Amino acid sequence: MGLDGNDKRLLVTLIICSTICTALVAARFWCRYSLLKRFHAADWLILVTLVGCLGGQTVVLWGLITGKGGKNLLELTLELAETTSEATAIALQNYLESLYIAMTIFFFVLYAIKMSICLFYRQIFATPRYRIISLMIMIVATAWYVATEVVAICYCIPIDPLWHPTETGRCPNIGLFYLIAGIVETMIDVAILALPIRAVFTVRLALKTKLMVSGIFLLGGLAIITNMLRIYYSYQPGSLTLAYTGTEIWSNIHITIAILCACLPTYTPLKAKATRLLDALRDTYSSTLYLVFSGTRIRVPEDNTVGLRSNFQTKNTETNSGKESISDVIPKEYDTMKTGEAKPSDVSRYANATSLELARQSEAV
């Protein structure tokens, strides 16, 4: 089927989000292995999350390519009722089936991310009080996931009207259900986000360190913001259905940001690697710039260097015994400067040696 503007935006979102999610989880496993040489339950759970995320995105992609998306349920129902083409009817049904499957996977992925974050925090903060509170939040999140998943799977009785909207069945207001689910999800996310912040400020650390660590954990607030945007672009007041394209786009963005927030605290080795790389690049470019600007300023005439070399060789036996002599330094540094291969250290040593010899000549006079 041909893709319209909404379908193309969704396709681009799927490609970008799937790529970012894969890179984030791969970076997490590399960091955990380089730091600990082993993996914990939180790491394996985030891997399960990635598999579920990619599976849901594949289903949406299948519905997008073989179906006919970019429309709400009312438009799809009217088109199904009016069409006489069997191919069009099958395409519309494929799209609705992909939405149903993706929605059930979507709830699982969000639940798995919450559990992965809680398990990771329990490894860091091992106080009995924190473990009890985090366990309570995990129980609430599990109970809410089971409830929403059951409602999503058994949304219509019988289930067939979900992808055959022209048939009769008992289906509640999916827009209201999605709104309530999104609000409760946000409340649970806020509770999970607040847990490590409180624990950090109870530990004996410098205030600057506490603020830095809290800032890393507070980046989880990005997931709360994207969840609120997902609700805003999905819910249609006064309608029994959702804005399907907006729901799919912002659901994928929200999952990607949530995976980022879950993996970010584990990227300590990656930060060290990036710091060393930036330092190396800075040193390389600063050395290059130093040669560019300083190499045009230091010039020693050819006739003067001959005299300097002879004087240095004469006094080489009198000074610097057991060390590198000035006469050894000058010819080498001068040759490298002439060939354009000098380093900043070479230029500095040459200038110091020249100054020293001129000072000695002045004293002799």
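In this text the structure is predicted, and so the values were computed from the model without any measurement.

### A few points about the overall build of the protein chain
Point 1. A tally of regular secondary structure across the protein chain gives 13 helices and zero strands.
Point 2. Ordered by position in the sequence, the α and β elements of the protein chain form the string α-α-α-α-α-α-α-α-α-α-α-α-α.
Point 3. Counting across all 365 residues of the protein chain, residues that qualify as buried make up 42%.
Point 4. When the accessible surface of the protein chain is split by element, carbon and sulfur atoms take 67% of a total near 19900 Å².

### Considering the confidence of the model for the protein chain
Point 1. Looking at the protein chain, pLDDT values average 75 and 68% of them are 70 or higher.
Point 2. Contacts from residues 296-309, a stretch scored under 50 in pLDDT, to residues over four places away or in other chains number 16 contacts.
Point 3. Taken as a whole, residues 317-345 scores under 50 in pLDDT and shows 45 contacts with residues more than four places along the chain or in a different chain.

### As for the nonpolar core
Point 1. Within the largest apolar cluster, 58 residues are counted, with the highest numbers of intra-cluster contacts made by F107, I113, Y121, F125, I192, I255 and I259.
Point 2. If you list the elements that add at least two residues to this core, you get α1 (5-36), α2 (41-66), α4 (86-124), α5 (128-153), α6 (174-200) and α9 (244-263).
Point 3. With 16 residues, α4 is the single largest residue contributor to this core.
Point 4. When neighbours within four sequence positions are excluded, I192 is seen to be in contact with K114, I117, C118, Y121 and I137.
Point 5. Grouped together as the second largest cluster of nonpolar side chains are seven residues, V60, L64, A102 and I249 included.

### Remarks on the pattern of salt bridges
Point 1. Scanning the entire structure with this criterion turns up four salt bridges.
Point 2. The residue R28 makes a salt bridge to D43 at a minimum N-O spacing of 2.9 Å. Linking R28 in helix α1 with D43 in helix α2, this pair joins segments that are 15 residues apart in sequence. One exposure class covers both R28 and D43, and it is buried.
Point 3. Where K114 meets E185, a salt bridge forms, and the shortest distance between an N and an O atom there is 2.4 Å. With K114 in helix α4 and E185 in helix α6, this pair connects stretches of sequence that are 71 residues apart.

### Regarding the packing of helix α8 (residues 221-234) against α9
Each pair of packed helices can be described by the angle between their axes along with the distance between the axes.
Point 1. Contact pair α8 / α9: the axes reach a minimum separation of 9 Å and the direction vectors enclose 175 degrees. When the axes of α8 and α9 are compared, the pair comes out roughly antiparallel. Together, L222, A223, T226, N227, L229, R230, Y233 and S234 of α8 and G246, T247, W250, S251, I253, H254, I257, A258 and C261 of α9 make up the contact between the two elements.
Point 2. Here the residues of the contact of α8 with α9 sort into nine nonpolar, seven polar and one charged.

### A few points about the state of the cysteines
Point 1. In the structure shown here, the tally under the stated rule is zero disulfides.
Point 2. Here C53 stays unpaired: no disulfide links it, and the sulfur of C21, its closest cysteine neighbor, is 4.1 Å away.
Point 3. C53 sits in the buried class, given a relative accessible area of 4%.

### Re the environment of L99
Point 1. Among the secondary structure elements, L99 is positioned in helix α4.
Point 2. Considered as a pair, L99 and V59 are 40 residues apart in the sequence and their alpha carbons are 8.1 Å apart.
Point 3. Apart from residues no more than four positions distant in its own chain, L99 is found in contact with Y244 and E248.

### Some points on the side chain of R230
Point 1. Along the chain, R230 falls in helix α8.
Point 2. In this structure, R230 is buried with no salt-bridge partner, the nearest side chain bearing the opposite charge being E185 at 6.0 Å.
Point 3. Other than its neighbours up to four places away in sequence, R230 contacts F106, Y178, G182, W250, S251 and H254.

### Considering the side chain of S234
Point 1. Relative to the helices and strands, S234 is located in helix α8.
Point 2. Judged by its relative accessible area of 0%, S234 is buried.
Point 3. Only 3.0 Å separates the side chain of S234 from the side chain of T247, close enough to count as a polar contact.
Point 4. Not counting residues up to four positions away in its chain, the partners in contact with S234 are Y178, L242, A243, G246 and T247.

### What about the packing of α6 against α8?
Point 1. Following both chains from N to C, one finds α6 and α8 inclined at 170 degrees, their axes separated by 10 Å at the closest point. Compared by their axis directions, α6 and α8 come out roughly antiparallel. Together, Y178, L179, G182, I183, E185, T186, D189, V190 and L193 of α6 and G221, I224, N227, R230, I231 and S234 of α8 make up the contact between the two elements.

### Quick look at the packing of aromatic side chains
Point 1. Across all of its chains, the model carries twelve aromatic pairs by this definition.
Point 2. Between F29 and F39, the aromatic rings sit 4.8 Å apart at their centres with planes inclined by 45 degrees, giving tilted as the arrangement. Of the two residues, F29 sits in helix α1 while F39 sits in the loop between α1 and α2, which places them ten residues apart along the sequence.
Point 3. F29 sits in the buried class, given a relative accessible area of 16%.
Point 4. Their ring planes at 5 degrees and their centres at 5.3 Å tell us that Y233 and W250 sit as a pair that is stacked. Of the two residues, Y233 is situated in helix α8 and W250 in helix α9; the sequence distance between them amounts to 17 residues.
Point 5. Y233 gets classed as partly exposed once you look at its relative accessible area, which sits at 41%.

### Digging into α8
Point 1. With 14 residues, α8 extends 20 Å from end C-alpha to end C-alpha; this agrees with the ideal 20 Å at 1.5 Å per step.
Point 2. In this structure, the buried side of α8 is in contact with α4, α6, α7 (207-218) and α9.

So, how was this worked out
- Residues numbered from 1 in each chain as written.
- Predicted model: local features only at pLDDT ≥ 70, side-chain atom pairs only at ≥ 80, totals over all residues.
- Heavy atoms only, no water.
- Helix = DSSP H or I, 4+ residues; strand = E, 2+ residues; numbered from the N terminus.
- Buried < 20%, exposed > 50% of the residue type's maximum accessible area, 1.4 Å probe, protein only.
- Areas by Shrake-Rupley, 256 points an atom, 1.4 Å probe, with all protein chains shown as cover.
- pLDDT = per-residue confidence, 0-100.
- Contact = heavy atoms within 4.5 Å.
- Core = buried A, V, L, I, M, F, W, Y, C linked by side-chain atoms within 4.5 Å.
- Salt bridge = Lys/Arg side-chain N within 4 Å of Asp/Glu carboxyl O.
- Axes fitted to C-alpha atoms, helices over the stretch in contact; angles between N-to-C directions.
- Parallel < 35°, antiparallel > 145°, perpendicular 65-115°, else oblique.
- Nonpolar A, V, L, I, M, F, W, Y, C, P; charged D, E, K, R; others polar.
- Disulfide = S-S within 2.5 Å.
- Lys, Arg positive; Asp, Glu negative; His and termini not counted.
- Polar contact = N/O pair within 3.5 Å; in protein donor to acceptor, adjacent residues only side chain to side chain.
- Phe/Tyr/Trp six-rings, centres within 6.5 Å; stacked < 30°, edge-to-face > 60°.
- Expected span 1.5 Å × (residues − 1).

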